[in-house]
Amino acid sequence: MVWLLQASRLSRTNLPRVILGVCGGIAAYKSVELLRLLTRAGHEVSVVPTLNALRFVGQPTFEALSGKSIKANLWDGGADVTHVAEGIGADLIVIAPATADFMARATHGLASDLLSNILLTATCPVVLAPAMHTQMWEHPATRANVESLRNRGYIVLEPDTGPLTGTDSGKGRLPAPQEIFDALQAQFHANTGALAARHIVISAGGTQEDWDPVRYIGNRSSGKQGVALARAALAAGARVTLVVGHMDIDPPAGAEVIQTKSSAEMHKALTGLMDGQPDGVIMAAAVADFRPAQQSAAKIKKADRYQNLELEPTIDILTDICRQRVLGTKPIIIGFAAETSGIREDLIALGSAKLAAKGADAIVVNNVSNGEIFGSENTEVLLIEVDQTVAPILGSKLNVGHAVVHRLAQLLDQVDSMSRKIKI
Ligand code: CTP
């Protein structure tokens, strides 16, 4: 199934219009948080609860947080032909929580309430976030329904595993609202295909500089931000090459992965890739600035404990690859800066100085004070560009990934249109 965002249907904020369907399950209360995330991000959201959902969350809550009156009953507002108007006016429908009953009705195309009617009139992407007890999720009827909905092109998210209503625990929890929000963002960006036919190189994780066969100098990078960037670039249609050092998580399926260990290996891999003229490079890896001047082939023994560890500088990979191209031409290169200050002005000054010193097109500045950011899911960064524009980005690392990738796509489009003008 091919889905397109139609420009004529964009909301007043130019962001996709979302229908948030809510079914009657205990997890309905979490849909309120999802609604908050969507409206805060600027989406126009119409909430369509089933009548059973309103047993769990009151209509005023949905109305106050969406800023719109709610229609839940198929028989309300006949003159507006609500199910058709809403269905064809939406850019995306997300149903969270989606109950076993609702998925069964959706599978068979039943139109027994307003939400299921809207689903039948809609042509936009549909994302279902199921929530139910493990036995219901694993029942052959539900398995068959999920398969059938997926075959139809609906995105059915996997439920989380953990405590369920009552004393039981297992698979069936509604995914966290932030996780659902991230899946929706990926869907929006996939539809725009902003990086279609582009080759993007991303570095991720931390380098390890050997001292002897047992010991190395490393850092606390988990690789999560680099992987999130790769996921965002893949969702935007790019061919992605991920050059990784040590990581705590798996790279995303779909990216071509080059495993490296030391900064020297990462440097070699990245300069080799530059020969292939990628469209963009994002240096999210935490590269060691120093390495042991001598590597010992044998394990350094306890008896050598007074030996000083002599260090020598490594190559600055980002500076080196930036030097290989003219600023403002392809590849567009975006670096990351790890700084320890909680003061915005300091972060901007440090980030701007680093951006100028490295010669990149933009830099993403992180405050790494206390080391809390390493391995964490959420983050807060500043994206600084050569013209000194500063854009704050916050939320999950995937959200930062989408925002950085989105800006990279815009910069690439600008470079291409400039070079077209020069040719004319
Ligand atoms: N970087 C690099 N090669 C290095 C060190 C850093 O390519 N040897 C890159 C990182 O991948 C990142 C950017 O440079 O994109 C900034 O890294 P950061 O650690 O914040 O700064 P440093 O250049 O190491 O400077 P300092 O440690 O003094 O802050």
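A quick note: this is a predicted structure, and the numbers were derived from the prediction, not measured. (Residues numbered from 1 in each chain as written. Predicted model: local features only at pLDDT ≥ 70, side-chain atom pairs only at ≥ 80, totals over all residues. Heavy atoms only, no water.)

Some thoughts on the overall build of the chain
A count of helices and strands for the chain gives 13 helices and 19 strands. C-alpha atoms of the chain, sized along the principal axes, occupy 80 × 65 × 40 Å. Each of the 424 residues in the chain was classed as buried or not, and the buried ones make up 50%. Element-wise, carbon and sulfur atoms account for 54% of the exposed surface of the chain, whose accessible area totals about 20100 Å². (Helix = DSSP H or I, 4+ residues; strand = E, 2+ residues; numbered from the N terminus. Buried < 20%, exposed > 50% of the residue type's maximum accessible area, 1.4 Å probe, protein only. Areas by Shrake-Rupley, 256 points an atom, 1.4 Å probe, with all protein chains shown as cover.)

Regarding the packing of helix α4 (residues 100-107) against helix α7 (residues 140-151)
At a minimum axis separation of 9 Å, α4 and α7 run at an interaxial angle of 50°. With respect to each other, α4 and α7 are oriented oblique. Relative to α7, the crossing made by α4 is left-handed. Contacts between α4 and α7 involve Ala-100, Met-103, Ala-104, Ala-106 and Thr-107 from the first element and Thr-142, Asn-145, Val-146, Ser-148 and Leu-149 from the second. A class-by-class count of the residues in the contact of α4 with α7 yields six nonpolar, four polar and no charged. (Axes fitted to C-alpha atoms, helices over the stretch in contact; angles between N-to-C directions. Parallel < 35°, antiparallel > 145°, perpendicular 65-115°, else oblique. Left-handed = near helix turned anticlockwise from the far one by under 90°. Contact = heavy atoms within 4.5 Å. Nonpolar A, V, L, I, M, F, W, Y, C, P; charged D, E, K, R; others polar.)

Things to note about the site of the ligand
Close to the ligand lie 16 residues; Ala-285, Leu-318, Phe-336, Lys-354 and Lys-358 are nearest. In this structure, an oxygen atom belonging to the ligand sits 2.8 Å away from a main-chain N or O atom of Ala-285. Separating a nitrogen atom of the ligand from a side-chain N or O atom of Thr-314 is a distance of 3.5 Å. For the ligand, whose free accessible area comes to 570 Å², the fraction covered by protein is 77%. Its atoms largely coinciding with the cavity grid, the ligand occupies the largest pocket. Those elements that place two or more of their residues in the shell around the ligand are α11 (317-323), β16 (332-339) and α12 (344-358). The biggest single contributor to the shell around the ligand is β16, with four residues. (Near = heavy atom within 4 Å. Polar contact = N/O pair within 3.5 Å; in protein donor to acceptor, adjacent residues only side chain to side chain. 1 Å grid on protein atoms, 1.4 Å probe; cavity = no way out; pocket = protein on both sides within 12 Å on 5 of 7 lines; lining within 4 Å. Sits in = over half its atoms within 2 Å of the grid points.)

Remarks on the side chain of Thr-207
One can find Thr-207 in the loop between β8 (199-204) and β9 (209-210). Polar contacts involving the side chain of Thr-207 include one to the side chain of Glu-209, which spans 3.2 Å. A polar atom in the side chain of Thr-207 sits 2.9 Å from the backbone nitrogen of Ala-288.

A few points about the packing of aromatic side chains
For the structure shown, the criterion picks out zero aromatic pairs. Above the plane of the ring of Trp-137 lies Arg-143, whose end atom (NZ or CZ) is 4.5 Å from the centre. For Arg-152, the ring lying beneath its charged end belongs to Tyr-154, and the centroid distance is 5.8 Å. (Phe/Tyr/Trp six-rings, centres within 6.5 Å; stacked < 30°, edge-to-face > 60°. Lys NZ or Arg CZ within 6 Å of the ring centre and 35° of its normal.)

Things to note about the sheet that holds strand β2 (residues 45-49)
If you trace the five strands from one edge of the open sheet to the other, you get β2-β1-β3-β4-β5, paired in parallel fashion. Of all the strands in the sheet, the pair left with one neighbour each is β2 and β5 (155-156). When strand β1 (residues 18-22) meets β2, the two strands line up parallel, connected through five bridges. In the sheet register, Ile-19 faces β2, and the bridge partner there is Ser-46. In this fold helix α1 (residues 28-40) packs onto β1, β2 and β3 (92-98), with an angle of close to 170° to the strand it touches most, β1. (Pairing = 2+ DSSP bridges.)

Overview of α12
Owing to its 3.6 residues per turn, the α-helix aligns residues three or four sequence positions apart on the same side. A rise of 1.5 Å per residue sets the reference length of α12, with its 15 residues, at 21 Å; its end C-alpha atoms lie 21 Å apart and thus fit the reference within 8%. When α12 is considered as a whole, its buried residues turn out to be Leu-347, Ile-348, Gly-351, Ser-352, Leu-355 and Lys-358. Considered in projection along α12, the buried side chains sweep an arc of 140° and stay on one side of the axis. Those residues of α12 that are exposed and aimed more than 90 degrees away from the buried face are Glu-345, Ala-356 and Ala-357. Close packing links the buried residues of α12 with α11, β16, β17 (362-367), β18 (378-385) and β19 (390-396). The first or second residue beyond α12 is Gly-359, which carries a positive phi of 85°. (Expected span 1.5 Å × (residues − 1). Arc of directions from axis to C-beta.)

Considerations on the packing of α4 against helix α5 (residues 114-121)
At their nearest, the axes of α4 and α5 sit 10 Å apart, and the two run at 40° to each other. Between α4 and α5, the angle falls in the class oblique. Crossing handedness for the pair α4 and α5: right-handed. Where α4 abuts α5, its residues Phe-102, Arg-105 and Ala-106 lie against Leu-115, Ser-116 and Leu-119. Residue classes in the contact of α4 with α5 are distributed as four nonpolar, one polar and one charged.

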